[in-house]
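# Examination of the molecular architecture
One-letter residues, chain by chain:
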Amino acid sequence: YSKAGTLFNHSCRLTAMLGGCTPAVVELATQIGYNLGMAFQFVDDLVDFTHTEEQASKPVQVDIAGGFATAPVLFAWQEHSELGDMIVRRFSEPGDVERAMHLVYNSQGIPKTFAALDGYIAKTVDGLSQLPDSLPRNALIAIVKSLAHMARGDNWHI
């Protein structure tokens, strides 16, 4: 379940509906919203594992400390079955958070999350590219493409 994917999905859908768009454009907007929301969620998940608080401009590692298993943890679980018990108990036992972090860093959890992010960025750009060429559409495409750079901590600009 992705809160961000659902939020963006419904926001884009309702905006297209209220804007009087054709059913085809409403469906396209819905898919763009979902893919953008998923990309946003993966960026947020990655920042928790790849950035310092100063780089992120927000507290990091909050999700796992709060008992939430994000994408890097779930991908790492594919390699480290012991994460399953920690996920079920929401990382509540002493040492769970530290052990889970160690397992994520020593797995393909982060690279697989980057791969998923890149896929959702590509789907979002493909969807946006189906809209008529315009300055706003092109600006949105540039912003979406910048998400990958932001997640990787690159010096980026639009």
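Use the structure listed above.
Residues numbered from 1 in each chain as written. Predicted model: local features only at pLDDT ≥ 70, side-chain atom pairs only at ≥ 80, totals over all residues. Heavy atoms only, no water.

## Some details on the overall build of the chain
When its secondary structure is counted, the chain shows nine helices and zero strands. In terms of its C-alpha atoms, the chain occupies a principal-axis envelope of roughly 55 × 30 × 25 Å. Looking at the chain residue by residue over its 158 residues, the buried ones come to 40%. Counting every atom, the chain has about 9,000 Å² of accessible surface; 60% of that belongs to carbon and sulfur. The averaged location of the 17 negative side-chain charges in the chain is 6 Å from the averaged location of its 11 positive side-chain charges. (Helix = DSSP H or I, 4+ residues; strand = E, 2+ residues; numbered from the N terminus. Buried < 20%, exposed > 50% of the residue type's maximum accessible area, 1.4 Å probe, protein only. Areas by Shrake-Rupley, 256 points an atom, 1.4 Å probe, with all protein chains shown as cover. Lys, Arg positive; Asp, Glu negative; His and termini not counted. Charge placed at Lys NZ, Arg CZ, Asp CG, Glu CD.)

## A closer look at a nonpolar patch on the surface
Together, Leu14, Met17 and Leu18 make up a nonpolar patch on the protein surface, roughly 350 Å² of accessible area in all. Counting through the fold element by element, Leu18 comes out in helix α1 (residues 3–18). (Patch = residues over 30% accessible without salt bridge, like charges linked within 9 Å, V, L, I, M, F, W, Y side chains within 5 Å. Salt bridge = Lys/Arg side-chain N within 4 Å of Asp/Glu carboxyl O.)

## Focus: the pattern of salt bridges
If you walk through the whole model with that rule in mind, you get seven salt bridges. Notably, a salt bridge pairs Glu27 with Arg13, separated by 2.8 Å at the nearest N-O pair. Here Arg13 lies in helix α1 and Glu27 lies in helix α2 (residues 23–50), a separation of 14 residues in the sequence. Accessibility expressed as a relative area gives 40% for Glu27, which makes it partly exposed. Note that Arg152 and Asp118 form a salt bridge whose closest N and O atoms lie 3.0 Å from each other. Of this pair, Arg152 sits in helix α9 (residues 135–152) while Asp118 is found in helix α8 (residues 109–129), placing the two residues 34 residues apart along the sequence. Taken together, the shared-partner salt bridges connect Arg89, Glu93 and Asp96 into one network.

## With respect to the environment of Lys3
Along the chain, Lys3 falls in helix α1. The spatial distance from the C-alpha of Lys3 to the C-alpha of Ser92 is 23 Å, given a sequence separation of 89 residues.

All quantities given are derived from atomic positions and should not be read as evidence of function.
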